[in-house]
Amino acid sequence: MNLSSRRSNIIRLFSLLILIVNTLLLKAQMNCEIKIDEWVSMPVCYGQEITMSVDANVNYSYQWKKNGIILEDQTDFYLTDSIKEDGVRYSVEVINNSTQEECSDEIVFSVMDRFVIEFEQTQLTCSNNEAENGQNAKVIATASGGNFESFTYTWGSNTGENVWTNPSNPQEAIGLKAWKEYYVDVIGVTAKGDSCLQTANFTPKAYPNPMIEITSKPKDTAYIQNPYVTFGFEGDIDSIEYNSWSWAFFNNPDNPSEISNTSILENPTNTYHQESKEGSPFRVELTVKSAEYGCDTTFSKDIIVLPVKLKIPNIFTPNGDGINDYFIIDNDDSGSSDEENEEEERRSYEYESFNPLRDYYIRTSLTIFNRWGRIVYKSSDYNNDWDGGKLPDGVYFYVLECIGEKNNHRYQGSVRIFGSGR
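Quick caveat, the model's predicted, so the values are computed rather than measured. (Residues numbered from 1 in each chain as written. Predicted model: local features only at pLDDT ≥ 70, side-chain atom pairs only at ≥ 80, totals over all residues. Heavy atoms only, no water.)

Here's the deal with the overall build of the chain
Line of reasoning, step 1. Broken down by element type, the chain carries 2 helices and 28 strands.
Line of reasoning, step 2. Pairs at least 24 apart in sequence give 58% of the contacts found in the chain among residues at least 6 apart.
Line of reasoning, step 3. When the accessible surface of the chain is summed, it comes to about 25,300 Å², and 48% of that surface belongs to carbon and sulfur atoms. (Helix = DSSP H or I, 4+ residues; strand = E, 2+ residues; numbered from the N terminus. Contact = heavy atoms within 4.5 Å. Areas by Shrake-Rupley, 256 points an atom, 1.4 Å probe, with all protein chains shown as cover.)

Next comes the structure, spelled out in structure tokens:
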């Protein structure tokens, strides 16, 4: 190798060494300048999210402050915050954990005045949102304030459904449902061409539902031998007015969602031809409508239909103590076995509540005989109100004839009056 070649190699090595040293010196120099996205310009929009950052280094630790107050959980090389205060000041302190060298920087934001978004609901809707007349609310959004000269409006919903607007007025959203939250994005533009986006939410209101209570006779339980239930309803005069109604009856225990019968009478009577299946009730629906508001509301009630199995006591004690003072015939809803029923028949009957026999059968007739076959009491509509009258203690005989929808039954046996003191 000649002298010229050696000299060239030495120069190249020296140049490379200088480059390496300069690079290391640059890396060692700390830079704490706070940077924000290039497209962000001052003043920023009210509520605008800004990300501030400094150079990242695994050997550095960071602490951010807002208006001089330490942000305890902000110890990364970047900070994102929503700017809502004019003149708010953010700062960061950076420490080189290897050399303990420190540096800091600060940035101050100016914020444009926010504008105000106000709503006016120009048309209420009905609360039955799945029906066509329950999707017709109208709302107008109006933005104003700040230094903004013009606004554009874009409506949407959190569920992703399309929101229609008035073709001649994009500020007005139409076809809205009640009690569902919608939003409008409003972009305001200043005279200088600066623009800001703000979002506001609105939940449309509906006409008040009528206050209706469905009534029935019997109240909530019918029996297969007298399966006629008469329905009605009572309304609150302070609620929305209604002027028409319709009933739907679901009588099929194998298909509870199938409508078996309908009526537009105010007090319809529905006949149940089958017992409830495994205790599941039959549903009744009442829909009331208001012509003035175009709204309809549906209410429901459940009815149980049970078999009839009478329990008839063999003794009662009309001594005036309020316990077992009457000859009470009731339905046995206990589901007890035959042996348990026989054991209960040997005990005195004590009832807290009972139904009249007309609830169980269409028609009944009770006749009481003394031991000589003479009739001492008779009722064609027994209401569980016989206390023995003036009869003395002793054994008497009864015949109970029951006319039912499906079958007629005859019950007969003996009953003892005991402890009357007569």
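Now that the structure has been shown, we can carry on.
A closer look at the sheet that holds strand E25 (residues 363–369)
Adjacent strands of a sheet form backbone hydrogen bonds with each other and so pair up, either parallel or antiparallel.
Line of reasoning, step 1. Spatial strand order, E23-E28-E27-E25-E26: 5 strands in an open sheet with mixed pairing. For this open sheet the edge positions go to strand E23 (315–316) and strand E26 (375–379), each flanked by a neighbour on one side alone. (Pairing = 2+ DSSP bridges.)

Focus: the sheet that holds strand E16 (residues 228–235)
Line of reasoning, step 1. With antiparallel pairing, the 3 strands of this open sheet are ordered in space as E14-E16-E19. The outermost strands of the open sheet, each flanked by one partner alone, are strand E14 (212–217) and strand E19 (269–271). Neighbour to neighbour, the strand axes of the sheet diverge by 30° on average, direction disregarded.
Line of reasoning, step 2. Relative to E19, E16 is paired through 3 bridges, and the arrangement is antiparallel. Bridge pairing in E19 places Val229 opposite Asn270. (Axes fitted to C-alpha atoms, helices over the stretch in contact; angles between N-to-C directions.)

Re the nonpolar core
Line of reasoning, step 1. Among the nonpolar cores identified, the biggest contains 23 residues, and Leu310, Phe327, Trp386 and Leu400 are the most heavily contacted of them.
Line of reasoning, step 2. Looking at this core, the elements that each hand over two or more residues are E25, strand E27 (394–403) and strand E28 (408–417).
Line of reasoning, step 3. Excluding residues within four positions of it along the chain, Leu400 makes contact with Leu310, Ile312, Ile329, Leu357, Thr364, Ser365, Leu366, His409, Arg410 and Tyr411.
Line of reasoning, step 4. Counting residues in each nonpolar core, the second largest holds 21 residues, with Tyr60, Trp64, Leu79 and Tyr90 among its members. (Core = buried A, V, L, I, M, F, W, Y, C linked by side-chain atoms within 4.5 Å. Buried < 20%, exposed > 50% of the residue type's maximum accessible area, 1.4 Å probe, protein only.)

What about the state of the cysteines?
Line of reasoning, step 1. In total, this model carries 3 disulfides according to the counting rule given.
Line of reasoning, step 2. Sequence-ordered numbering of the bonded cysteines in the chain gives a disulfide pattern of 1-3, 2-5, 4-6. (Disulfide = S-S within 2.5 Å.)

Brief notes about the packing of aromatic side chains
For any pair of aromatic rings, geometry is given as the distance between the ring centres together with the angle between the planes.
Line of reasoning, step 1. For the coordinates displayed, the defined rule picks out 23 aromatic pairs.
Line of reasoning, step 2. Note on Phe231 and Phe249: the rings are 5.5 Å apart at their centroids and 45° apart in plane angle, and the pair reads as tilted. Taken together, the residues Phe231 in strand E16 and Phe249 in strand E17 (residues 244–249) connect sequence positions 18 residues apart.
Line of reasoning, step 3. The exposure class of Phe231 is buried, given its relative accessible area of 1%.
Line of reasoning, step 4. Relative accessible area serves as the criterion here: at 1%, Phe249 is assigned to the buried category.
Line of reasoning, step 5. Taken together, the aromatic side chains of Phe231, Phe233, Tyr242, Trp245, Trp247 and Phe249 make up a single cluster linked through ring pairs.
Line of reasoning, step 6. Looking at Arg283, its charged tip hangs above the ring of Phe250, at a distance of 4.0 Å from the centre. (Phe/Tyr/Trp six-rings, centres within 6.5 Å; stacked < 30°, edge-to-face > 60°. Lys NZ or Arg CZ within 6 Å of the ring centre and 35° of its normal.)

Examining unusual backbone geometry
Line of reasoning, step 1. In this structure, Pro43 follows Met42 across a cis peptide bond, with omega equal to -5°.
Line of reasoning, step 2. Counting through the fold element by element, Pro43 comes out in the loop between helix H1 (3–28) and strand E1 (48–53).
Line of reasoning, step 3. Looking along the chain, the bond that leaves Lys217 and enters Pro218 is cis, with omega of 0°.
Line of reasoning, step 4. In this fold, Pro218 is placed in the loop between E14 and strand E15 (221–223).
Line of reasoning, step 5. Backbone geometry places Asn67, a non-glycine residue, at a positive phi of 55°.
Line of reasoning, step 6. Within the element layout of this structure, Asn67 appears in the loop between strand E2 (60–66) and strand E3 (69–70).
Line of reasoning, step 7. Using a relative accessible area of 30% as the deciding quantity, one classes Asn67 as partly exposed.
Line of reasoning, step 8. Even without glycine at this site, Glu278 takes up a positive phi of about 55°.
Line of reasoning, step 9. Looking at the element boundaries, Glu278 is found in the loop between E19 and strand E20 (282–290).

Regarding the side chain of Gln225
Line of reasoning, step 1. Along the chain, Gln225 falls in the loop between E15 and E16.
Line of reasoning, step 2. A polar atom in the side chain of Gln225 sits 3.1 Å from the backbone nitrogen of Lys406.
Line of reasoning, step 3. Residue contacts for Gln225: discarding those within four places in its chain leaves Val308, Tyr360, Tyr361, Ile362, Gly404, Glu405, Lys406, Asn407 and His409. (Polar contact = N/O pair within 3.5 Å; in protein donor to acceptor, adjacent residues only side chain to side chain.)

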